[in-house]
Amino acid sequence: GDSVTQTEGLVTLTEGLPVMLNCTYQTIYSNPFLFWYVQHLNESPRLLLKSFTDNKRTEHQGFHATLHKSSSSFHLQKSSAQLSDSALYYCALSPISGGNYKPTFGKGTSLVVHP
Amino acid sequence: EAAVTQSPRNKVTVTGGNVTLSCRQTNSHNYMYWYRQDTGHGLRLIHYSYGAGNLQIGDVPDGYKATRTTQEDFFLLLELASPSQTSLYFCASSDGTGGGSAETLYFGSGTRLTVL
């Protein structure tokens, strides 16, 4: 079945340093949608950004990611971390063919940004 | 923005108890999902459905039943609750018609269940 592997566990950064959270995936489908969801403390997950197009950079709220089908990767980046970026981040995959809408989530990466 | 409402927000029960978690979405989405969230495991899919009367088994279904009574309503049932089912439960919905924003999941605010 499908699988998503993320940077595991906890990532701790100093404010102002760049953010890079890794995400790789495996799927039998040739055209998956890849997502990053963000969950702040005591909130529910919400969409941060998503992509379907190979080699196209997607940006939202200062974060960006590029889907690379050749390496099955969708890493999340930001040039300068802010305290408010502290949250739990999930990478997820959703096939869009074959009538299968069962999304697959990674285990999540907890990002803590400190002053 | 899609609206997904879960109830109750918090629930405490005892081992062997009977619990029903409710979820309603008001955006005519086709797909609805039940997840549990636990530290170290992330979001794990319990059951999902693509329409009224339909039920699909997720990745961690043991000990859970689910029922989709209408397009809007999806229930998660724990008939003999156990302490291992203590968790934060999220319901989500998606359009599921293919392309564009159809695959985006919209989450409810969660139900925290404690089984003593």
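Every value quoted in this text rests on a predicted model; they were computed, and no experiment measured them.

A. Examining the interface of chain B and chain A more closely. Across the contact, 23 residues belong to chain B and 19 residues belong to chain A. Carbon and sulfur atoms make up 57% of the area that chain B and chain A hide from each other, which totals about 1,700 Å². Two residues, Lys102 of chain A and Asp59 of chain B, come together in a salt bridge whose shortest N-O distance is 2.7 Å. Connecting chain B to chain A are six residue pairs in polar contact (both at pLDDT 80 or more). Mapped by element, the contributors of at least two residues to the side of chain B that touches chain A are strand E4 (31-38) and strand E5 (42-49) of chain B. Of the residues contributing to the side of chain B that touches chain A, the split by class is nine nonpolar, twelve polar and two charged.

B. Structural context of the state of the cysteines. With the rule as written, the count across this model stands at two disulfides over all chains. At a sulfur-sulfur separation of 1.9 Å, the disulfide partner of Cys23 of chain A is Cys91 of chain A. Its S-S torsion of approximately -65° makes the covalent link between Cys23 of chain A and Cys91 of chain A left-handed. Residue Cys23 of chain A is located in strand E4 (residues 23-26), and its partner Cys91 of chain A is located in strand E10 (residues 87-94); the two are separated by 68 residues in the primary sequence. The exposure classification of Cys23 of chain A matches that of Cys91 of chain A, with both residues buried. Disulfide pairing places Cys23 of chain B opposite Cys91 of chain B at an S-S distance of 1.9 Å. Looking down the S-S bond of the Cys23 of chain B and Cys91 of chain B bridge, the torsion is -75°, so its handedness is left-handed. Within this pair, whereas Cys23 of chain B is found in strand E3 (residues 19-25), its partner Cys91 of chain B is found in strand E9 (residues 87-94), the two being separated by 68 residues in sequence.

C. Structural detail: the pairing of strand E5 (residues 33-39) of chain A. Residue and element names in this part refer to chain A. Summarising burial for E5: seven of the seven residues are buried, a large majority. Examined bridge by bridge, E5 and E10 share seven bridges and lie antiparallel to one another. Considered in E10, the bridge of Gln39 is made with Leu88. The pairing of E5 with strand E6 (residues 46-51) spans five bridges and is antiparallel. Along E6, the bridge assignment pairs Phe35 with Lys50. Turn length for the E5-E6 hairpin, with the two strands adjacent in sequence and antiparallel, is six residues, and the turn residue Asn42 shows positive phi of about 65°.

D. Just the sheet that holds strand E1 (residues 4-7) of chain B, in detail. All names here are of chain B. Across the sheet, which stays open at both edges, the four strands sit in the order E1-E3-E8-E7 with antiparallel pairing between neighbours. The two strands at the open ends of the sheet, each matched to only one other strand, are E1 and strand E7 (65-68). With direction set aside, neighbouring strand axes in the sheet form an average angle of 15°. The sheet contact formed by E1 and E3 spans four bridges and is antiparallel. Across the sheet, the residue bridging to Val4 is Gln25, located in E3.

Calculation notes
- Residues numbered from 1 in each chain as written.
- Chains lettered and ligands numbered in written order.
- Predicted model: local features only at pLDDT ≥ 70, side-chain atom pairs only at ≥ 80, totals over all residues.
- Heavy atoms only, no water.
- Contact = heavy atoms within 4.5 Å.
- Buried area = accessible area lost by both parts, 1.4 Å probe.
- Salt bridge = Lys/Arg side-chain N within 4 Å of Asp/Glu carboxyl O.
- Polar contact = N/O pair within 3.5 Å; in protein donor to acceptor, adjacent residues only side chain to side chain.
- Helix = DSSP H or I, 4+ residues; strand = E, 2+ residues; numbered from the N terminus.
- Nonpolar A, V, L, I, M, F, W, Y, C, P; charged D, E, K, R; others polar.
- Disulfide = S-S within 2.5 Å.
- Buried < 20%, exposed > 50% of the residue type's maximum accessible area, 1.4 Å probe, protein only.
- Pairing = 2+ DSSP bridges.
- Axes fitted to C-alpha atoms, helices over the stretch in contact; angles between N-to-C directions.

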